[in-house]
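Listed below, chain by chain, are the residues.
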Amino acid sequence: MRLRVLDLFSGLGGFSEAFLRRGHEVFRVDNDVRFAQVPCTIIGDVREIDIEQFVPIDVVLASPPCETFTRRHLPWLDARDGEIEEAMLLVEAAVMIIDDLEPQFWVLENVQGAVPHISRLLGPPRQRIGSRYLWGVFPRIHLTPQEERECYGKYRLPPSVPNRAAERARIPYVLSLALCRAMEEQQTLLEVLEDER
Ligand SMILES: C[S@@+](CC[C@H](N)C(=O)[O-])C[C@H]1O[C@@H](n2cnc3c(N)ncnc32)[C@H](O)[C@@H]1O
């Protein structure tokens, strides 16, 4: 079984990386031309992209920008009126795409500061892994303590690292892999049950 996976706000592609390496078909969408060289990336705005081109989709992964939520969560950083509403427009755009595509699985990822805002729309997160909060419809995932440690923010990346902001935002491979394996297992189980009917 080969899953068709849509990765929204894909950046360096961390969220869907394990899906790609394990042979699934991946489509990535990001509006920053710096990511044009990341495999499978279409440059475009999630609010404007024609989603018909991706149908059918089995999995939607979405990691909307988190800077605003982080800033609001840390009161010593600057905050601007209306910026949460702006950030939420991108979350809502992702949710509309998920509603339209009706994938079997979907996962929306964000940071702690986003929890009160996104939970108003989607209810509480289904799972927290490290500093990442996950909403959606997906099999619960299990990581070793060492793997979970890799899922905390990479605030210690030295300023000399190229593309530092994008590297900090990149979803760790262990998280992508755990999700991919859990979905593959559930999919296989469903197929076995289907065959037995
Ligand atoms: C949190 S980062 C994603 C990190 C990514 N999941 C990874 O693992 O590398 C958010 C991304 O959203 C992109 N973005 C922001 N606004 C967007 C929009 N309107 N449409 C598409 N992408 C957008 C940014 O360029 C950035 O790469």
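Only a predicted model underlies this, so the values are computations on that prediction, with no experimental measurement involved.

Rules of the game
Residues numbered from 1 in each chain as written. Predicted model: local features only at pLDDT ≥ 70, side-chain atom pairs only at ≥ 80, totals over all residues. Helix = DSSP H or I, 4+ residues; strand = E, 2+ residues; numbered from the N terminus. Buried ≥ 20, exposed ≤ 12 C-beta atoms within 10 Å, placed from the backbone. Near = placed C-beta within 6 Å. Nonpolar A, V, L, I, M, F, W, Y, C, P; charged D, E, K, R; others polar. Pairing = 2+ DSSP bridges. Axes fitted to C-alpha atoms, helices over the stretch in contact; angles between N-to-C directions.

### Here's the deal with unusual backbone geometry
And then number 1: The peptide bond linking Val-55 to Pro-56 adopts the cis configuration, its omega dihedral lying at -5 degrees.
And then number 2: Note on placement: Pro-56 falls in the loop between β3 (41–43) and β4 (59–62).
And then number 3: Of note, Cys-40 is a non-glycine position whose phi angle comes to about 70 degrees, a positive value.
And then number 4: Locating Cys-40 in the fold gives a position in the loop between β2 (25–30) and β3.
And then number 5: We classify Cys-40 as partly exposed; it has 16 C-beta atoms within 10 Å.
And then number 6: Even without being a glycine, Asn-163 presents a positive backbone phi close to 55 degrees.
And then number 7: Locating Asn-163 in the fold gives a position in the loop between α5 (145–149) and α6 (164–169).
And then number 8: Of the residues examined, Asn-163 has 13 C-beta atoms within 10 Å and is grouped as partly exposed.

### Concerning the site of the ligand
And then number 1: Looking at the ligand, there are 21 residues lining it, with Phe-9, Gly-11, Gly-14, Asn-31 and Asp-32 nearest.
And then number 2: Among the residues forming the shell around the ligand, the class breakdown is 10 nonpolar, six polar and five charged.

### What to know about the sheet that holds strand β7 (residues 132–137)
And then number 1: Reading across from one edge, β3-β2-β1-β4-β5-β7-β6 is the order of the seven strands in this open sheet, with mixed pairing throughout. Both edges of this open sheet fall to β3 and β6 (127–129), since each of them pairs with a single strand only. Going across the sheet, the axis of each strand differs from the next one's by a mean of 20 degrees, ignoring polarity.
And then number 2: Note: β4 against strand β5 (residues 105–110), four bridges, orientation parallel. Note that in β5 the partner of Val-60 across the bridge is Trp-106.

### Describing the pairing of β7
And then number 1: For β7, a buried count of five out of six residues is recorded, marking the element as mostly surrounded by other parts of the structure.
And then number 2: Taken together, the five bridges between β5 and β7 define a ladder with antiparallel strand orientation. The partner of Val-107 across the bridge, within β7, is Gly-136.
And then number 3: Taken together, the three bridges between β6 and β7 define a ladder with antiparallel strand orientation. Bridge pairing links Ile-129 to Arg-132 in β7.
And then number 4: Taken together, β6 and the strand that follows it, β7, pair antiparallel across an intervening segment of two residues, in which Gly-130 is found at a positive phi of about 60 degrees.

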